[in-house]
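# Structural features, examined
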Amino acid sequence: MSLTPLDIHNKEFSTGFRGYNIDEVNEFLDQVIKDFELLIKEKKEMEERIAILNERVDHYKSLEENLSKSILVAQETAEDVKSNARKEAQLILKEAEKNADRIVNEALAKSRKIAIEIEELKKRASVYRMRFRTLLEAQLEMLEHGAWDDIEQADSAVAVE
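Rules used throughout
- Residues numbered from 1 in each chain as written.
- Predicted model: local features only at pLDDT ≥ 70, side-chain atom pairs only at ≥ 80, totals over all residues.
- Heavy atoms only, no water.
- UniProt positions renumbered as here; feature names shortened; annotations may be inferred.
- Patch = residues over 30% accessible without salt bridge, like charges linked within 9 Å, V, L, I, M, F, W, Y side chains within 5 Å.
- Areas by Shrake-Rupley, 256 points an atom, 1.4 Å probe, with all protein chains shown as cover.
- Salt bridge = Lys/Arg side-chain N within 4 Å of Asp/Glu carboxyl O.
- Helix = DSSP H or I, 4+ residues; strand = E, 2+ residues; numbered from the N terminus.
- Buried < 20%, exposed > 50% of the residue type's maximum accessible area, 1.4 Å probe, protein only.
- Phe/Tyr/Trp six-rings, centres within 6.5 Å; stacked < 30°, edge-to-face > 60°.
- Lys, Arg positive; Asp, Glu negative; His and termini not counted.
- Charge placed at Lys NZ, Arg CZ, Asp CG, Glu CD.

The name given to the chain in an unreviewed UniProt entry is Septum formation initiator, and the organism recorded there is Brevibacillus panacihumi W25. Checking UniProt for the chain, the heading Subcellular location (unreviewed entry) contains the comment "Cytoplasm". In UniProt, the chain has this text filed under Sequence similarities (unreviewed entry): "Belongs to the DivIVA family."

Structure, rendered in structure tokens:
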């Protein structure tokens, strides 16, 4: 059990023959009481301050935990956002590739169709040229073989009549 200032104050010493000077002992004990009271007061203040500081430490530890959790959540969210962005980019890229393939296929189909139409037109032009040449040759042959002379004679005979 620790001493209190009151214990020191109430302490009685027995006196013997040629013992200590009572006034000096009492003065010393008064000084010890004052110093002891001061130490007890300082100890109490320190304990209160330690309690306040412990509360602050606990508060800061709590803040640190919350911040750590918040940072982890933020990092996870950032990773999720990155992952979603990558997935969305891949989807956009796949969609763009599909559209590009579709456009290329449509262009190829159109070019094939146009090539077929060009070939068809070339055939028609060739057939037309052949028919026109045949017609012209037939007309030239008629001009060269005198069929016109018969027509002119028939025409003058009709005019005489």
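Back to the text.
A grouping of Tyr 128, Phe 132, Leu 135 and Leu 136 is seen on the molecular surface, where their side chains present a nonpolar patch of about 420 Å² in accessible area. With respect to the helices and strands, the residue Phe 132 is situated in helix α2 (residues 22–144). Residue classification places Phe 132 among the partly exposed residues on the basis of a relative accessible area of 40%.

Scanning the entire structure with this criterion turns up one aromatic pair. Considering the side-chain rings of Tyr 128 and Phe 132, the 6.0 Å spacing of their centres and the 10° angle between planes classify their relative orientation as stacked. In this pair, Tyr 128 and Phe 132 are both assigned in helix α2, four residues apart and thus about one turn of the helix distant.

This part takes up a negative patch on the surface. A cluster of like negative charges, contributed by Asp 23, Glu 24, Glu 27 and Asp 30, occupies part of the molecular surface. Inspection of the secondary structure puts Glu 27 in helix α2. Taking the relative accessible area as the measure of exposure, Glu 27 reaches 58% and is therefore exposed.

Bringing the environment of Leu 63 into the picture now. Here Leu 63 shows up in helix α2. Linking Leu 63 and Lys 123, residues 60 residues apart in sequence, is a C-alpha distance of 88 Å.

Our next topic: the pattern of salt bridges. Under the defined criterion, the tally for this structure stands at five salt bridges. A salt bridge links Arg 102 to Glu 106; its shortest N-O distance comes to 3.2 Å. One end of the pair is Arg 102 and the other is Glu 106, both in helix α2 and four residues apart, which spans about a single turn. You can call Arg 102 partly exposed: its relative accessible area is 41%. With relative accessibility at 40%, the residue Glu 106 sits in the partly exposed group. Of the charged contacts in the structure, one is a salt bridge between Arg 124 and Glu 120, with a shortest N-O distance of 3.9 Å. In this pair, Arg 124 and Glu 120 both sit in helix α2, four residues apart, roughly one turn of the helix. The exposure class assigned to Glu 120 is partly exposed, which follows from its relative accessible area of 39%.

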